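What the coordinates show
Now for the letters of each chain:
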Amino acid sequence: MAGLPGRIARAWEFHARPGESYSSEGQSLLMVAVVDRQPVGFFSGSVELFVSDEEHFVDLIVAADMVYVAPRFRRQGYGMDLSVATGWLLGELLEAIYAAAPAGSKLDVTLRADIYTTGGEHFANKLAECLEYGMDMLREYGRRRRIQVGSFSFDGDW
């Protein structure tokens, strides 16, 4: 996934400035954990991006819909591996959106997770940690000082 933020920034930058009061983009996400060519689990969700040049905001909304590890692979760390990989992907996406955001914008992030099992809660909490960490790193080390890294909210809905 090396270079992913640059690819995402180029792909989304055009769409983020349509000239309307705000625009929205969306994309489904699917992460599959594979061991020895065999799928052991998956994460499915989506991301939506709302951008307003007039009101100077960029809102990233991540929805975590489902996480599943096959019963015979549970309690072997694959769920944790999947959560770390998904969190890393979301961090890369956050960096790309930061790079493509219109100057003068405020970037807010929301994670919505409607996963009711204990394992699902742990997974969603790991995603929240990854997104919060990414935002903290952008606040501290981000080079685009004309982008304000705003708030993170987590709607666990359980």
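Relevant structure appears above.
The structure reproduced in this document is the subject of the present report. (Residues numbered from 1 in each chain as written. Predicted model: local features only at pLDDT ≥ 70, side-chain atom pairs only at ≥ 80, totals over all residues. Heavy atoms only, no water.)

1. Some points on the environment of Ser-151
- Within the secondary structure layout, Ser-151 lies in strand β5 (residues 148–155).
- The exposure class assigned to Ser-151 is partly exposed, which follows from its relative accessible area of 42%.
- Considering only alpha carbons, one finds Ser-151 and Glu-132, 19 residues apart in sequence, at a separation of 9.0 Å.
- Excluding anything up to four places from it in sequence, Ser-151 contacts Leu-107, Asp-108, Val-109, Met-135 and Arg-139. (Helix = DSSP H or I, 4+ residues; strand = E, 2+ residues; numbered from the N terminus. Buried < 20%, exposed > 50% of the residue type's maximum accessible area, 1.4 Å probe, protein only. Contact = heavy atoms within 4.5 Å.)

2. Notes on the pattern of salt bridges
- By the definition in use, this model includes 2 salt bridges.
- Across the pair Lys-126 and Glu-129 runs a salt bridge whose closest N-O atoms are separated by 3.3 Å. Here Glu-129 and Lys-126 lie together in helix α3 (residues 118–141), a separation of 3 residues that amounts to about one turn.
- Residue Glu-129 is classed as partly exposed on the basis of its relative accessible area, which comes to 45%.
- For Asp-136, the salt bridge goes to Arg-139, with nearest N and O atoms at 2.8 Å. Taken together, the residues Asp-136 and Arg-139, both in helix α3 and 3 residues apart, mark about one turn of the helix. (Salt bridge = Lys/Arg side-chain N within 4 Å of Asp/Glu carboxyl O.)

3. Side note on the packing of aromatic side chains
- In the structure shown here, the tally under the stated rule is 3 aromatic pairs.
- With 5.9 Å between their ring centres and 40° between their planes, Phe-42 and Tyr-68 make a pair best called tilted. With Phe-42 in strand β2 (residues 38–52) and Tyr-68 in strand β3 (residues 57–69), this pair connects stretches of sequence that are 26 residues apart.
- Given a relative accessible area of 35%, Tyr-68 falls into the partly exposed group.
- Pairing Phe-73 with Tyr-78 gives two aromatic rings, centres 5.9 Å apart and planes at 80°, and the pair type is edge-to-face.
- For Phe-73, a relative accessible area of 12% corresponds to the buried category. (Phe/Tyr/Trp six-rings, centres within 6.5 Å; stacked < 30°, edge-to-face > 60°.)

4. Examining the pairing of strand β4 (residues 106–113)
- Burial runs high along β4: 6 of the 8 residues are buried.
- You can see the chain leave β3, run along helix α2 (residues 78–100) and come back into β4, and the turn it takes is right-handed.
- Judged from the 6 bridges that link them, β4 and β5 form a sheet pairing that is parallel. What sits directly across from Leu-107, in β5, is Val-149. (Right-handed = clockwise from strand over helix to strand, strands pointing away. Pairing = 2+ DSSP bridges.)

5. Here's the deal with the pairing of β3
- Relative to β3, β2 is paired through 12 bridges, and the arrangement is antiparallel. Bridged to Glu-48 within β3 is Ile-61.
- Taking the residues between adjacent antiparallel strands as the criterion, β2 and β3 are bridged by 4 residues, where His-56 takes a positive phi near 60°.
- Relative to β4, β3 runs parallel, the two being bridged by 8 bridges. Paired with Asp-59 across the strands is Asp-108, a residue of β4.

6. Focus on the environment of Gly-79
- Within the secondary structure layout, Gly-79 lies in helix α2.
- Linking Gly-79 and His-122, residues 43 residues apart in sequence, is a C-alpha distance of 9.3 Å.
- In contact with Gly-79, not counting residues within four places along its chain, are Val-69 and Phe-123.

7. Some remarks on the nonpolar core
- Residues Phe-43, Leu-60 and Leu-111 are the most contacted members of the largest nonpolar core, which totals 38 residues.
- Beyond its immediate chain neighbours, meaning those up to four positions away, Leu-60 contacts Val-47, Glu-48, Leu-49, Leu-93, Leu-94, Ile-97, Asp-108, Val-109 and Thr-110. (Core = buried A, V, L, I, M, F, W, Y, C linked by side-chain atoms within 4.5 Å.)

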